[in-house]
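Geometric and topological summary
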Amino acid sequence: MFLHNKRLQYTVRVAQPNPGLANLLLEQFGGAQGELAAASRYFTQALAEDDPGRKDLLMDIATEELSHLEIVGSIIVMLNKGAKGQLAEGVDEEGELYRAINGAGNDSHITSLLYGAGAPLTNSAGVPWSAAYVDTIGEPTADFRSNIAAEARAKIVYERLMNITDDPGVKEALGFLMTREIAHQLSFEKALHAIQPNFPQGKLPGMPEFSNVYFNLSQGEGSTRGPWNQGEDWNYVDDPQPAVDGGDGTASVQLSAEDEELLLAMKVRTMSDPESDPITGADLGAGLYGKPDA
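Anyway, here's the lowdown on the structure attached to this text. (Residues numbered from 1 in each chain as written. Predicted model: local features only at pLDDT ≥ 70, side-chain atom pairs only at ≥ 80, totals over all residues. Heavy atoms only, no water.)

This paragraph deals with the pattern of salt bridges. The tally for this structure, following the rule as stated, stands at six salt bridges. Here E172 makes a salt bridge to R13, at a shortest N to O gap of 3.8 Å. With E172 in helix 9 (residues 168–193) and R13 in the segment before helix 1 (19–25), this residue pair connects regions lying 159 residues apart in the sequence. Under the relative-accessibility criterion, E172 is labelled partly exposed at 41%. When the shortest N-O distance is used, the salt bridge between R41 and D135 registers 3.0 Å. (Salt bridge = Lys/Arg side-chain N within 4 Å of Asp/Glu carboxyl O. Helix = DSSP H or I, 4+ residues; strand = E, 2+ residues; numbered from the N terminus. Buried < 20%, exposed > 50% of the residue type's maximum accessible area, 1.4 Å probe, protein only.)

Given below as structure tokens:
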């Protein structure tokens, strides 16, 4: 059951309309790193979660992300208030109205013209929100790592948005949202490491002969050693060769006699003649064999 409180989780104070900024804020409304994507990710994880602690955590944060979606949407609508009336009532001449909506280098037609100055579920380029943004896989040791990364990406986007606005109220609200991304990362980190062991993800341990091997597959100037490929935890292979499993490095399949006979027949039927030099359409089009008769 969900209940809606008509007051926002954080007060929104917008100094003045700014349709261009509203358009950029759509990244956190209907974008890949936005609040709807986060709420959907954690909500779907919570539904399938059997651990009561993780289930409660995910549902709490999913619901808070919906609160953040409401905050971002409210900021977008407030920033578009001026354009909404101007566009609806046509107070300016056509050319002036266009320049007002698209002034100062912004591209606010997405919110102003197409959506009546509302808050559409698109990113700042007008690309519709997609469930493909939700990367839940149903394994907590993998999902919680993804959640931590998602919160980190959202924090970075909020930082970038804060850097392009001088509206103190908007900057303050974005700062609150950015800070909550930090808090969520901490919660997800604690929940992840409350599962022991949590690496490697899943149940199977991996093939021990390859688990701690580093292949130097990008060779040449700039090859660097560091804690990611050196030390007692790593077997560093400087010059990797094919077929590390000890086989011949070719692909094979066991076929029935009937399938093998059919495959051979197809091979013979479609075999190329390396001695031929056929005239092709490209040759004729290039005029390599003379002009057609008049």
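Still more ground to cover, so stick around.
Attention shifts here to empty space enclosed by the protein. Applying the stated criterion across every chain, the model contains one cavity of 30 Å³ or more. For the largest cavity, the calculated volume is near 70 Å³. Forming the walls of the largest cavity are 13 residues, and the residues nearest its centre are Q33, G34, A38, R41 and A150. (1 Å grid on protein atoms, 1.4 Å probe; cavity = no way out; pocket = protein on both sides within 12 Å on 5 of 7 lines; lining within 4 Å. Points joined across faces, edges and corners; volume = space filled by probe spheres on them.)

The subject of this paragraph is helix 11 (residues 257–269). Counted at 1.5 Å a residue, the expected span for helix 11 with its 13 residues is 18 Å, and the 18 Å between its end C-alpha atoms agrees. Little of helix 11 is tucked away, with zero of its 13 residues classed as buried. (Expected span 1.5 Å × (residues − 1).)

Another point: the packing of aromatic side chains. Inspection of the entire model under this criterion finds seven aromatic pairs. Relative to Y133, the ring of W129 has its centre 6.1 Å away and its plane inclined at 85 degrees; by these criteria the two rings are edge-to-face. Exposure remark for W129: the relative accessible area of 23% places this residue in the partly exposed category. Overall, Y133 belongs to the buried group, its relative accessible area being 18%. Each ring, one from Y214 and one from Y236, has its centre 5.7 Å from the other, and the planes form 5 degrees; the classification is stacked. Of this pair, Y214 sits in strand 1 (residues 213–215) while Y236 sits in strand 2 (residues 235–237), and the two are 22 residues apart along the sequence. On the accessibility criterion, Y214 (28% relative accessible area) is partly exposed. An aromatic cluster is defined as three or more aromatic residues linked by ring pairs; in this entry it consists of Y42, F144 and F188. The ring of Y236 is capped by R225, whose NZ or CZ atom sits 3.5 Å from the centre of that ring. (Phe/Tyr/Trp six-rings, centres within 6.5 Å; stacked < 30°, edge-to-face > 60°. Lys NZ or Arg CZ within 6 Å of the ring centre and 35° of its normal.)

Quick look at a nonpolar patch on the surface now. Together, V253, L255, L263 and M266 make up an exposed nonpolar region whose accessible area comes to about 370 Å². Position of V253 relative to the elements: it lies in the loop between strand 2 and helix 11. The exposure class of V253 is exposed, given its relative accessible area of 63%. (Patch = residues over 30% accessible without salt bridge, like charges linked within 9 Å, V, L, I, M, F, W, Y side chains within 5 Å. Areas by Shrake-Rupley, 256 points an atom, 1.4 Å probe, with all protein chains shown as cover.)

Attention shifts here to the layout of surface pockets. Over the atoms a probe the size of a water molecule is rolled, and this reveals where empty space is left. Approximately 260 Å³ is the volume attributed to the largest pocket. Considering only residue class, the lining of the largest pocket consists of four nonpolar, five polar and two charged. (Nonpolar A, V, L, I, M, F, W, Y, C, P; charged D, E, K, R; others polar.)

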